[in-house]
Each structure stands twice: as C-alpha cells, then as structure tokens.
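Descriptive analysis of the structure
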Amino acid sequence: MSISPDLAFVLTLLLRMAVTAAFVVTASIITERSGPLIGALVATLPVFTGPVYVFLALDHDNAFIAASALAALPINAVIMAFGMIYAMMAQRHSAVASFGTAILAWLALVLLAHSMNWSLGGALAVNALVCAICLPLAQRYRKVVMPPIRRRWYDIPLRALLVALMVATVVALSSRVGPAITGILAVFPVVSSSLMLILHPRIGGRATGAVLANGLWGMVGFGLGLTTLHLGALYLGSAVGLSLGLVVCVGWNIGLWAFSRRAAAH
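Everything in this summary refers to the structure shown in the same document. Each chain has its residues counted from 1, running along the sequence as written. Totals for whole chains, interfaces and linings use every residue, but because this is a predicted model, local features are given only for residues with pLDDT of at least 70 and side-chain atom pairs only at 80 or more, for both listing and counting. Only hydrogens and water are set aside when side-chain values are computed; all heavy atoms of the structure are taken into account.

1. A look at the nonpolar core
Spelled out, the test is: Among buried residues, those of type Ala, Val, Leu, Ile, Met, Phe, Trp, Tyr and Cys that are joined through side-chain atoms within 4.5 Å constitute a nonpolar core. Summary of the burial criterion: residues with accessible area below 20% of their type's maximum are buried, those above 50% are exposed, and those between are partly exposed, where the area comes from a 1.4 Å probe applied to protein chains only. Secondary structure elements are defined from DSSP: runs of H or I of at least 4 residues count as helices, runs of E of at least 2 residues count as strands, and each element is numbered from the N terminus.
Y53, I75, M80 and W106 are the most contacted members of the largest nonpolar core, which totals 61 residues. Put simply, the parts of the chain that give this core at least two residues each are helix 1 (5–43), helix 2 (49–59), helix 3 (62–90), helix 4 (95–114), helix 5 (120–138), helix 6 (155–186), helix 7 (190–203) and helix 8 (205–235).

This is how it looks when you write it as structure tokens:
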C-alpha cells in the first residue's frame with residue numbers, strides 16, 4: 001500500500017516535531033534541577049536549532065544551509081541582547097513585563113538585522129560588540145541560589161507544544177521564505193522563552209534571570225557553532241558542517257563548565 005505524498009509529508013513533519021520537542025523538554029528539565037550555571041550551559045546547547053538544521057539539511061542543499069547559518073549569526077547577537085534585557089527587567093518586574101519587554105526588543109532588533117546585508121566578518125563583528133557590552137553587565141546577575149521547583153502538570157506539555165509549533169513553522173516555511181528567514185526562525189529562543197515564562201512565576205525573577213545571565217557565555221559558543229556550520233556547509237557539505245558545529249558548541253560549554261569548577265575550587 002503506497003502512501004500519498006501529502007500524508008508522507010504530514011507524518012514526517014509530526015515525527016520531526018516530536019523528536020525536537022523531546023530534546024528541548026529534556027534539556028529544560030535538566031536546567032531546572034541543576035542550578036543557574038549548569039542549567040544555562042544545557043539550555044544554550046543547540047537542542048532546538050540542531051535538530052531543526054538536521055531536518056532542513058534533508059530538504060535543502062549545502063548553499064541553502066550555509067546561507068541560513070550566516071543569516072542566523074547576527075540573530076545570535078540579538079538573542080544575547082534579549083537574554084540581557086530580560087535578566088535586567090526580571091530583577092524587579094513580573095514575568096509578563098520582563099518577557100514582554102525582552103521579546104519586543106528581540107523583534108525590533110531582528111527586523112533591523114534582517115534589513116541589512118551581512119557578510120561573515122560583519123556578523124562576527126556585531127557578535128563581538130554585543131559580547132563586549134552584555135557579558136560585563138551580566139556578571140552582577142549570575143550568582144543566585146536556585147530555589148526548589150514544584151512542577152505543574154501542564155509544564156511539559158506546554159513546552160513540547162511550543163517547540164513542536166516552532167519546528168512545524170520552520171520546516172513548512174523554509175521552502176517559501178528562503179534561507180535568511182529560515183535562519184531567523186531556526187534560532188528563535190524557544191528554550192529561553194519557555195524557561196522565562198514557566199520558571200519566573202514559580203522561582204522569581206532573580207533566579208530565572210540568573211539562568212539567562214549565565215547563558216550569555218554559552219551563546220558565545222553557539223555563535224561559534226553557527227560560524228562553523230556556515231563554513232563547513234559551504235566548503236565541506238552540510239553533514240560535516242552540522243557535525244563540526246555541534247562539536248564546537250558542546251566543546252565550548254564543557255570548557256565553560258570545567259573553568260567554573262576550577263574557579264570554584266580556588
């Protein structure tokens with residue numbers, strides 16, 4: 001019995017949604033149980049973007065993946081600003097006010113970034129500039145004791161639904177909107193947003209802000225991973241680019257973890 005192309009597409013899309021949602025939900029649960037630093041390092045791994053790019057690579061050529069990763073690189077700087085704005089707002093304001101301000105800033109900066117024609121050098125330069133501003137500011141918000149978390153029944157389904165909808169959006173629109181918009185959608189801060197909206201009402205803005213503040217260093221590695229993916233897909237193919245990009249992201253965060261342990265020992 002043959003399956004119609006439309007049914008095959010729907011089944012494949014549902015599988016992709018389920019796989020990616022499982023990755024993100026697992027990472028967010030680890031985040032809740034491990035404290036701000038470890039949680040941030042897990043949350044900044046490409047648990048959403050990685051599977052999305054794997055699925056995109058199955059549908060598009062190397063040039064599309066390379067262009068998409070390049071378009072996503074300046075958005076990495078936008079996400080760092082998004083996390084910094086939230087961390088600052090969350091010290092004194094509600095989850096709605098903090099997240100609302102941060103997401104409006106994200107949208108405005110994304111529109112600005114999308115209006116520009118980026119080279120690799122320009123994208124790396126804007127990341128370096130944002131790092132120089134945000135990383136020193138984040139220091140004062142990083143060290144907070146994580147209070148105990150009582151999980152509600154809808155937490156995991158809500159996170160899974162949010163991630164699944166984003167995967168469906170990216171995959172369904174990628175052939176219509178081109179690599180630039182696909183790159184923006186592929187790095188949408190799903191994990192960070194879900195942590196903000198779910199954790200803030202229960203553990204407070206200071207603790208949730210600490211997770212985002214610690215995550216800024218992880219975003220540096222994420223940007224390096226996108227750079228590696230762009231160059232790898234361009235010159236070596238998407239499969240190699242994806243593999244090397246993942247190695248860079250994971251290696252960077254392991255290095256941050258090792259450095260934090262060494263600093264704590266002294």
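2. Overview of the packing of aromatic side chains
Heads up, the condition is: Planes of paired rings set the category: under 30 degrees apart is stacked, over 60 is edge-to-face and the rest tilted, where pairs are Phe, Tyr or Trp rings (Trp by its six-membered ring) whose centres lie within 6.5 Å.
By the definition in use, this model includes 1 aromatic pair. Ring centres of F82 and F99 lie 6.4 Å apart, and the angle between their planes is 80 degrees; on these two criteria the pair is classed as edge-to-face. Of the two residues, F82 sits in helix 3 while F99 sits in helix 4, which places them 17 residues apart along the sequence. By relative accessible area, which is 16% here, F99 ends up buried.

3. Section: the environment of I29
The residue I29 is located in helix 1 in this model. Taking relative accessible area as the criterion, I29 reaches 18% and is therefore assigned buried. Considering only alpha carbons, one finds I29 and L195, 166 residues apart in sequence, at a separation of 9.7 Å.

4. Side note on the environment of Y154
In this structure, Y154 sits in the loop between helix 5 and helix 6. Judged by its relative accessible area of 34%, Y154 falls in the partly exposed class. The spacing of Y154 and I198 is 44 residues in sequence and 10.0 Å in space, taken between C-alpha atoms.

5. A few points about the packing of helix 4 against helix 7
If you want to describe how two helices pack, look at the angle between their axes and the distance between the axes. Note the following rule: The axes are straight lines fitted to the C-alpha atoms, using for helices just the contacting stretch, and the angles between their N-to-C directions are given from 0 to 180°. If an angle is under 35 degrees, it is roughly parallel; if it is over 145, roughly antiparallel; if it lies from 65 to 115, roughly perpendicular; otherwise it is oblique. Take the far helix as the reference: if the near one is turned anticlockwise from it by less than a right angle, the crossing is left-handed, and if turned clockwise, right-handed. Here, two residues are considered to be in contact whenever any of their heavy atoms come within 4.5 Å of each other. Under this grouping Gly is polar, as are all residues other than the nonpolar Ala, Val, Leu, Ile, Met, Phe, Trp, Tyr, Cys and Pro and the charged Asp, Glu, Lys and Arg.
Look at helix 4 against helix 7: their axes get within 9 Å of each other, and the N-to-C directions meet at 165 degrees. Classified by the angle between their axes, helix 4 and helix 7 sit roughly antiparallel to one another. In terms of crossing hand, the pair formed by helix 4 and helix 7 is right-handed. Mapping the contact onto sequence places A95, S98 and F99 in helix 4 and S193, M196, L197, H200 and P201 in helix 7. A class-by-class count of the residues in the contact of helix 4 with helix 7 yields 5 nonpolar, 3 polar and no charged.

6. Digging into a nonpolar patch on the surface
The test is simple: Patches in this entry comprise residues that are over 30% relatively accessible and not in a salt bridge; like charges within 9 Å are linked, as are nonpolar side chains (Val, Leu, Ile, Met, Phe, Trp, Tyr) within 5 Å. Methods summary: accessible areas were calculated by the Shrake-Rupley approach with a probe of 1.4 Å, and residue burial reflects only the protein chains presented. One speaks of a salt bridge when a side-chain nitrogen belonging to Lys or Arg is within 4 Å of a carboxyl oxygen belonging to Asp or Glu.
A contiguous nonpolar surface patch, about 570 Å² in accessible area, is contributed by L231, L234, Y235, L236, V240 and L244. If you list the elements that add at least two residues to the nonpolar patch, you get helix 8 and helix 9 (238–265). Per-element accounting of the nonpolar patch gives the leading share, 3 residues, to helix 8. As for its position among the elements, L236 is in the loop between helix 8 and helix 9.

7. A short note on helix 5
Which entries qualify depends on this criterion: Expected span of a helix: the number of residues minus one, times 1.5 Å.
Taking 1.5 Å per residue as the helical rise, helix 5 with its 19 residues ought to reach 27 Å, and the 26 Å between its terminal C-alpha atoms agrees with that figure. Residues of helix 5 that are buried include every one of A123, N127, V130, C131, C134, L135 and A138, and no others. Check the buried side of helix 5 and you find it contacts helix 3 and helix 8.

8. Focus: helix 4
Put simply, the rule is: The arc in question is traced by the directions running from the helix axis to the C-beta atoms.
When the terminal C-alpha atoms of helix 4 are compared, their 28 Å separation across 20 residues agrees well with the 28 Å that a helix rising 1.5 Å per residue should span. Taken residue by residue, helix 4 has A95, S98, F99, A102, I103, A105, W106, V110 and A113 as its buried positions. For helix 4, the angular spread of the buried residues around the axis is 160 degrees, confining them to a single face. Away from its buried face, by an angle of more than 90 degrees, helix 4 presents the exposed residues V96, L104 and L111.

9. Observations regarding the side chain of H200
On the secondary structure map, H200 appears in helix 7. A relative accessible area of 8% means that H200 is categorised as buried. Apart from residues no more than four positions distant in its own chain, H200 is found in contact with Y86, A90, H93, S94, A95, S98, L195, G205 and T208.

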